[in-house]
Amino acid sequence: MDGDERVKTGIKGFDQLVEGGIPVGANVLVTGTPGTGKTIFGMQYIYNGAKNGENGVYVTLDEKKPDLIGQAKALGWDIEKLEKAGKLTILEIPLDKAGVNIFEMIEKAVKKIGAKRLVLDSLVNFAVNVDQFVIPLNYKMSDIDPVYKISNPNQKLMYEGKSERRITYLLLNELSKLGTTNLITTAAKPGSDLLTVDGVSEFVADGVVHMHSVEGEEDFNTLNVLKMRITKVKRGVYNFHIGNGGITLKTD
Ligand SMILES: Nc1ncnc2c1ncn2[C@@H]1O[C@H](COP(=O)(O)OP(=O)(O)OP(=O)(O)O)[C@@H](O)[C@H]1O
Ligand SMILES: [Mg+2]
């Protein structure tokens, strides 16, 4: 990670909160309750990069590729055109079969277009499906048992503690090897004080962007940067708007 070099998200109002952009090589979590705009934030980061000479890979475990293309189109972004031009790749990871070598798939996609940016959407679906994936041998699988945690009704969190820390570490560590600057979406449970459903990934990541929305009130979405290593963060909770062109922060 290098604080001297910054990757501009191009999301209006955001970069000025983090000294002009995300440190090159950082792993940044984008968290928030359902429907707050995490996927759009990630798409906008990849789209803006692709338009400005920094290729990007969008790894989706949450939504189907055609749905993402449709969502982008509704915001005025022609993702397919950029994909055809080799500037952007949407990589959908199959979750209906075992033995998927997710990291090999991601690495191939990154190398193919020389990607500098990467989004993985989402950590939650990565964690839930981790035992479906081929995981490098140096990770101890016995520590990683999200299925047990989820099926245990006494657990307050969906999965917690050791397993989840290791799963986050595994993912971020593998993504770091690619040399890309990464956004990883995750989720927060509505009504919970916790930043993420697992309660620990925010400690492992280099940065945390928190998105929030208040139900029933139009145009009441907020964003704050809770953490960005080697960066003087401009603190504060900022309103944002989603419309044609994506997310715009109100910073004045
Ligand atoms: N064209 C548009 N114009 C205005 N708002 C839009 C438009 N498209 C989507 N939205 C808003 O964006 C929100 C969805 O954003 P997004 O899919 O990024 O959320 P998310 O945080 O990823 O959700 P999830 O937790 O379900 O993955 C919707 O709730 C919708 O209100
Ligand atoms: Mg989403």
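Computed from a prediction, not measured in an experiment: that's the story for all the values here. (Residues numbered from 1 in each chain as written. Chains lettered and ligands numbered in written order. Predicted model: local features only at pLDDT ≥ 70, side-chain atom pairs only at ≥ 80, totals over all residues. Heavy atoms only, no water.)

**What to know about the sheet that holds strand β7 (residues 181-185)**
Adjacent strands of a sheet pair through backbone hydrogen bonds, lying either parallel or antiparallel. The sheet built from nine strands is open, its strands ordered β5-β4-β6-β7-β3-β8-β9-β10-β11 with mixed pairing. Both outer strands of the open sheet, β5 (88-92) and β11 (246-250), are each paired with one neighbouring strand and no more. For this sheet, the mean inter-axis angle between neighbouring strands, taken without regard to orientation, is 25°. Bridge count between strand β8 (residues 207-213) and strand β9 (residues 221-228): seven bridges; the pairing is antiparallel. In the strand pairing of β9, valine 209 is matched with valine 225. Strands β4 (56-60) and β5 of the sheet are contacted by helix α2 (residues 65-74), whose axis makes an angle of about 140° with β5. Contacts between helix α4 (residues 102-113) and the sheet are confined to β4, β5 and β6 (117-121), with β5 contributing the most and set at about 165° to the helix. (Pairing = 2+ DSSP bridges. Helix = DSSP H or I, 4+ residues; strand = E, 2+ residues; numbered from the N terminus. Axes fitted to C-alpha atoms, helices over the stretch in contact; angles between N-to-C directions. Contact = heavy atoms within 4.5 Å.)

**Thoughts on the pairing of strand β3 (residues 27-32)**
Burial analysis of β3 places six of its six residues in the buried class, the great majority of the element. Where β3 lies against β8, five bridges are found, and the strand directions are parallel. Counterpart to valine 30 in the pairing with β8 is valine 209. (Buried < 20%, exposed > 50% of the residue type's maximum accessible area, 1.4 Å probe, protein only.)

**Re the site of ligand 1**
Every residue close to ligand 1 is listed here: Pro34, Gly35, Thr36, Gly37, Lys38, Thr39, Ile40, Gln71, Ala74, Leu75, Ile242 and Gly243. Residue threonine 39 places a side-chain N or O atom 2.8 Å away from an oxygen atom belonging to ligand 1. A total of 650 Å² of accessible area belongs to ligand 1 in isolation, and the protein chains cover 62% of it. Broken down by secondary-structure element, the contributors of at least two residues to the shell around ligand 1 are α1 (38-51), α2 and β10 (238-243). A total of three residues in the shell around ligand 1 trace back to one element, the largest contributor, which is α1. A breakdown of the residues in the shell around ligand 1 according to their chemical character gives five nonpolar, six polar and one charged. (Near = heavy atom within 4 Å. Polar contact = N/O pair within 3.5 Å; in protein donor to acceptor, adjacent residues only side chain to side chain. Areas by Shrake-Rupley, 256 points an atom, 1.4 Å probe, with all protein chains shown as cover. Nonpolar A, V, L, I, M, F, W, Y, C, P; charged D, E, K, R; others polar.)

**So, the confidence of the model for the protein**
Residues with a pLDDT of 70 or more make up 89% of the protein, whose mean pLDDT is 90. Predicted confidence for residues 146-152 stays below pLDDT 50, and this span has 12 contacts to residues more than four positions away or in other chains. Predicted confidence is poor over residues 155-160, with pLDDT under 50, and the contacts of this stretch with residues over four places away or in other chains come to 21 contacts. (pLDDT = per-residue confidence, 0-100.)

**A word on the nonpolar core**
Nonpolar side chains in soluble globular proteins generally cluster together in the buried interior. In terms of nonpolar packing, the biggest core is built from 38 residues, with Phe14, Phe41, Ile79 and Leu223 touching the most fellow members. For this core, the leading source of residues is α1, giving seven residues. Once residues lying within four places of it in the same chain are set aside, the contact partners of isoleucine 79 are Met43, Tyr47, Ile69, Ala72, Leu88 and Ile90. (Core = buried A, V, L, I, M, F, W, Y, C linked by side-chain atoms within 4.5 Å.)

**Structural notes on the environment of isoleucine 102**
For isoleucine 102, the location among the structural elements is in helix α4. In sequence terms isoleucine 102 and phenylalanine 126 are 24 residues apart; their C-alpha atoms lie 9.6 Å from each other. Sequence-distant contacts of isoleucine 102, defined by excluding residues within four places in its chain, comprise Leu61, Ile93, Phe126 and Phe133.

**So, the packing of aromatic side chains**
Think of a pair of aromatic rings as described by two things: how far the centres are apart, and how the planes are tilted against each other in angle. Under the defined criterion, the tally for this structure stands at four aromatic pairs. Centre to centre, the rings of tyrosine 47 and tryptophan 77 are 5.3 Å apart; their planes meet at 20°, and the pair counts as stacked. Remark: tryptophan 77 occurs in the loop between α2 and α3 (79-84) and tyrosine 47 occurs in helix α1; sequence separation between them is 30 residues. Of the two residues examined, tyrosine 47 and tryptophan 77, each falls in the buried class. Centre to centre, the rings of phenylalanine 126 and phenylalanine 133 are 5.6 Å apart; their planes meet at 20°, and the pair counts as stacked. Residue phenylalanine 126 is classed as buried on the basis of its relative accessible area of 0%. Phenylalanine 133 sits in the buried class, given a relative accessible area of 7%. An aromatic cluster is built from Phe103, Phe126 and Phe133, whose rings are joined through pairwise contacts. (Phe/Tyr/Trp six-rings, centres within 6.5 Å; stacked < 30°, edge-to-face > 60°.)

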